[in-house]
Amino acid sequence: MRELPVTILGFGMMGRARSVAYESVTRIFPDAPIKPVPYQAFVLPHEADGAKAMGWEPNLDLKDAVCNPKTEYIDICLPNAMHYAAVLLALEAGKHVFCEKPLAVSVAEAREMVAAAEARPELLNSVHFTYRRAPANVYARQLIASNRFGKLLESHNYYHQHWGGPGTGGSWRFDLKAGGGTVSDLGSHAIDMLYFTTGQRPTKLCALQHAHVKERYFNVEKTREDGSKENVRELRPVDVDDASKVVYYLENGAIGTLSCTRNAHGSENSQGYELYFESGAIRWNYDALDYLEVYDANDPQRGWTRVLCSTNGYAYEETAAAPTIGYRDELTFGCYENMRAIAKLEPIAPIATFRDAYEVDRTIEAIRLSAKEERWVKLEEIQ
Ligand code: SOE
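What you see is a predicted model, and the numbers here were worked out from it, not measured in a lab.

**As for the site of the ligand**
Around the ligand, the surrounding shell consists of Met13, Lys101, Tyr131, Tyr159, Gln161, Trp163, Arg173, Asp185, His189 and Tyr327. Note that an oxygen atom of the ligand is positioned 2.8 Å from one of the side-chain N or O atoms of lysine 101. Take histidine 189: an N or O atom from its side chain is 2.7 Å from an oxygen atom of the ligand. Two domains each put at least three residues into the shell around the ligand: domain 1 (2-131) and domain 2 (134-322 + 354-373).

**Describing the pairing of strand β2 (residues 34-42)**
Sheet topology places strand β1 (residues 2-9) next to β2; eight bridges connect them, and they run parallel. By the bridge assignment, isoleucine 8 is partnered in β2 with alanine 41. Viewed along the sheet, the connection from β1 through helix α1 (residues 13-28) into β2 turns out right-handed. You can see the chain leave β2, run along helix α2 (residues 48-53) and come back into strand β3 (residues 57-59), and the turn it takes is right-handed.

**What to know about the packing of aromatic side chains**
Taken as a whole and judged by the stated rule, the model has 15 aromatic pairs. Ring centres of tryptophan 284 and tyrosine 286 lie 6.3 Å apart, and the angle between their planes is 85°; on these two criteria the pair is classed as edge-to-face. Accessibility classification places tryptophan 284 together with tyrosine 286 in one group, the buried group. Aromatic rings pair up to connect Tyr131, Tyr159, Tyr273, Trp284, Tyr286 and Tyr327 into one cluster. In this arrangement the basic side chain of lysine 204 is found over the ring face of tryptophan 376, its NZ or CZ atom lying 5.5 Å from the centre. The residue whose ring lies beneath arginine 283 is tryptophan 304, and the NZ or CZ to ring-centre distance is 3.7 Å.

**What to know about the domain arrangement of the protein chain**
Annotation of the protein chain at the domain level lists domain 1 (2-131) and domain 2 (134-322 + 354-373). Relative placement of domain 1 and domain 2: their C-alpha centres are 23 Å apart. The partner domain 2 presents 31 residues to the 30 residues of domain 1 that form the contact. Of the roughly 2400 Å² buried at the junction of domain 1 and domain 2 (both faces included), carbon and sulfur atoms supply 63%.

**Some points on the packing of helix α7 (residues 181-198) against helix α9 (residues 354-373)**
Axes are the key here: two packed helices are described by the angle between their axes and the distance separating the axes. The interhelical angle for the contact between α7 and α9, taken along N-to-C directions, is 120°, at an axis separation of 9 Å. Taken together, α7 and α9 sit at an angle that is classed as oblique. Our pair here, α7 against α9, has a crossing hand that is right-handed. In this structure, α7 uses Val183, Ser184, Ser188, Ile191, Asp192 and Tyr195 to contact α9, whose residues at the interface are Asp356, Val360, Thr363, Ile364, Ile367 and Arg368. In terms of residue class, the contact of α7 with α9 is built from six nonpolar, three polar and three charged.

**Comments concerning the state of the cysteines**
Applying the stated criterion across every chain, the model contains zero disulfides. Unpaired in this structure, cysteine 67 has its nearest cysteine sulfur neighbour in cysteine 99, at a distance of 16 Å.

**A word on the sheet that holds strand β6 (residues 125-128)**
Overall, parallel pairing links the six strands, which are arranged β3-β2-β1-β4-β5-β6 in an open sheet. Two strands in the sheet have a free side with no partner beyond their single neighbour: β3 and β6. Direction aside, neighbouring strands of the sheet carry axes that sit 25° apart on average. Across the face of the sheet, helix α4 (residues 83-92) comes into contact with β1, β4 (73-76) and β5 (96-100) while running at roughly 170° to β5.

**What to know about the pattern of salt bridges**
Under the counting rule described, the total for this entry stands at 21 salt bridges. Among the ionic pairs, glutamate 118 bridges to arginine 355, the shortest N-O distance being 2.8 Å. Of the two residues, glutamate 118 is situated in helix α5 (residues 107-118) and arginine 355 in helix α9; the sequence distance between them amounts to 237 residues. On the basis of relative accessibility, which here comes to 41%, the residue glutamate 118 falls in the partly exposed class.

**Digging into the nonpolar core**
Of all hydrophobic cores here, the largest spans 106 residues; its most connected members are Leu9, Tyr22, Tyr73, Ile76, Ile282, Leu292 and Phe354. Both domains that meet at this core, namely domain 1 (2-131) and domain 2 (134-322 + 354-373), each give it at least three residues. With residues up to four places along the chain from it excluded, the contact list for isoleucine 76 reads Leu9, Arg18, His83, Ala86, Val87, Val97, Phe98, Cys99 and Glu100. Grouped together as the second largest cluster of nonpolar side chains are five residues, Phe174, Phe218, Val220 and Val240 included.

**Focus on the pairing of strand β8 (residues 202-210)**
Sheet analysis places β8 next to strand β11 (residues 243-250), joined by eight bridges and oriented antiparallel. Bridge pairing in β11 places glutamine 209 opposite serine 244.

Reading guide: rules and limits
Every chain's residues receive numbers from 1 upward, in the order its sequence appears when written. Local features in this predicted model are restricted to residues whose pLDDT is 70 or higher, and side-chain atom pairs enter the listing and the counts only when it is 80 or higher, whereas totals over whole chains, interfaces and linings include all residues. Hydrogens are left out, water is left out, and the side-chain values use all remaining heavy atoms of the structure. Any residue with at least one heavy atom within 4 Å of a molecule or strand is counted as near it. Contacts described as polar in this section are N or O atom pairs within 3.5 Å, which, within protein, must combine one atom able to donate a hydrogen with one able to accept it, while residues neighboring in sequence count only if both atoms come from side chains. As annotated, the domain borders come from an automatic or database domain assignment. Pairs of strands are assigned from DSSP output, requiring at least two bridges between the strands. Helix numbering and strand numbering both begin at the N terminus, where a helix is a DSSP run of H or I of at least 4 residues and a strand a DSSP run of E of at least 2. With the strands pointing away from the viewer, any crossover whose connection runs clockwise from the first strand over the helix to the second is right-handed. Centre distance within 6.5 Å is the pairing criterion for rings of Phe, Tyr and Trp, where only the six-membered ring of Trp is used; planes under 30 degrees apart are then read as stacked, over 60 as edge-to-face, and the remainder as tilted. Exposure classes here rest on a 1.4 Å probe applied to the protein chains alone. A residue is buried below 20% of its type maximum, exposed above 50%, and partly exposed in between. Ring-over charges, as used throughout, are those where CZ of Arg or NZ of Lys falls within 6 Å of the ring centre and within 35 degrees of the ring normal. Contacts are assigned to residue pairs with any non-hydrogen atoms lying within 4.5 Å of each other. A quick way to say it: buried area is the sum, across both parts, of accessible area lost when two parts are put together, with a 1.4 Å probe. For helices, the fitted line uses only the C-alpha atoms of the stretch in contact; every axis is such a line through C-alpha atoms, and the angle between N-to-C directions lies from 0 to 180 degrees. Angles below 35 degrees are treated as roughly parallel, those above 145 as roughly antiparallel, those between 65 and 115 as roughly perpendicular, and all remaining angles as oblique. Crossing chirality is assigned from the near helix's rotation relative to the far helix, an anticlockwise turn below a right angle marking it left-handed and a clockwise turn marking it right-handed. Each residue is assigned to one class: nonpolar for Ala, Val, Leu, Ile, Met, Phe, Trp, Tyr, Cys and Pro, charged for Asp, Glu, Lys and Arg, and polar for all the others, Gly among them. Cysteine sulfur atoms that pair up within 2.5 Å are treated as a disulfide. What makes a salt bridge here is a side-chain nitrogen of Lys or Arg within 4 Å of a carboxyl oxygen of Asp or Glu, nothing more. Buried residues of nine kinds, namely Ala, Val, Leu, Ile, Met, Phe, Trp, Tyr and Cys, make up a nonpolar core once their side-chain atoms join them within 4.5 Å.

Pasting the structure below:
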């Protein structure tokens with residue numbers, strides 16, 4: 001089996017999680033065409049020991065890590081605003097690229113990243129919309145494509161978490177230019193999920209965005225009079241949403257809603273959807289991520305069927321078969337799909353390309369514009 005040395009950029013929560021995923025690929029999927037092998041990790045100084053302990057050679061120089069000829073594959077787990085430069089550098093150096101979501105912090109940057117990627121069709125461009133890898137969502141996609149329930153009439157997508165209350169300190173996730181707020185962090189997943197499952201994108205939308213907390217304490221590096229540095233906590237205004245609510249029309253004329261928030265007590269990682277069709281309905285929630293719930297209006301029983309999708313051959317059937325899956329499994333499935341793509345094998349379920357992620361960024365920008373100007377926005381306004 002061919003080995004592929006992997007270079008990972010960023011060793012925060014996601015870098016560590018992905019480290020486990022790469023190690024698991026060939027353990028879970030002995031049929032993997034390529035074995036990803038941890039090589040270098042671009043880290044901050046305090047992350048170096050952790051990266052080493054997980055089998056990576058720490059590198060404090062991003063450019064050196066990307067351009068190192070020993071690697072063909074760059075996995076970008078950096079804060080959102082750093083994706084743009086890292087992606088362009090990696091593509092220029094001729095590397096396959098796997099990038100965290102959202103692709104960019106602006107549509108203009110995302111557009112350039114798509115152009116750079118599509119100019120190098122021999123290289124992988126893949127974005128980490130991890131919930132595509134839940135077998136229940138792969139099954140939902142197949143069911144909808146089969147047209148079993150007729151036309152989609154309404155879609156309701158949401159992503160609710162609970163950790164962004166008043167006590168939460170500021171970070172790049174609460175900064176428009178560095179991270180982009182809740183709609184970028186969570187809404188991006190929900191928008192991609194709508195497209196992944198139904199093949200539909202919003203054409204026109206009206207949104208409200210709200211910050212429950214107007215100021216947060218950020219850690220700021222200050223220079224003292226003698227030139228030395230110190231970290232201080234500084235109260236700063238917040239320029240992003242804590243919550244966004246959107247209504248929209250889809251390409252096929254269906255209507256729908258999107259809700260995302262970090263203020264939903266009791267909702268740890270509650271992403272989900274309810275989809276209503278001419279003769280049935282489908283719903284999913286991450287809290288029971290193995291199951292797709294299906295309602296067939298033509299079935300005289302008139303009840304919801306709860307389909308266990310993580311086993312019984314729906315998608316990503318493992319030889320080390322487990323009756324249920326979790327977040328770490330989805331990450332492994334995503335890394336496995338990338339190896340399949342590099343080996344030119346058909347995906348089990350499509351990976352999100354840079355172009356897919358650019359479309360998500362366009363929707364996010366339309367949401368921001370609509371909320372700011374308090375009006376309906378057509379997606380064709382955002383190019
Ligand atoms: C935020 O809490 C977060 O870590 C997102 O950034 C991820 O994309 C999501 O998958 C889990 O939640």
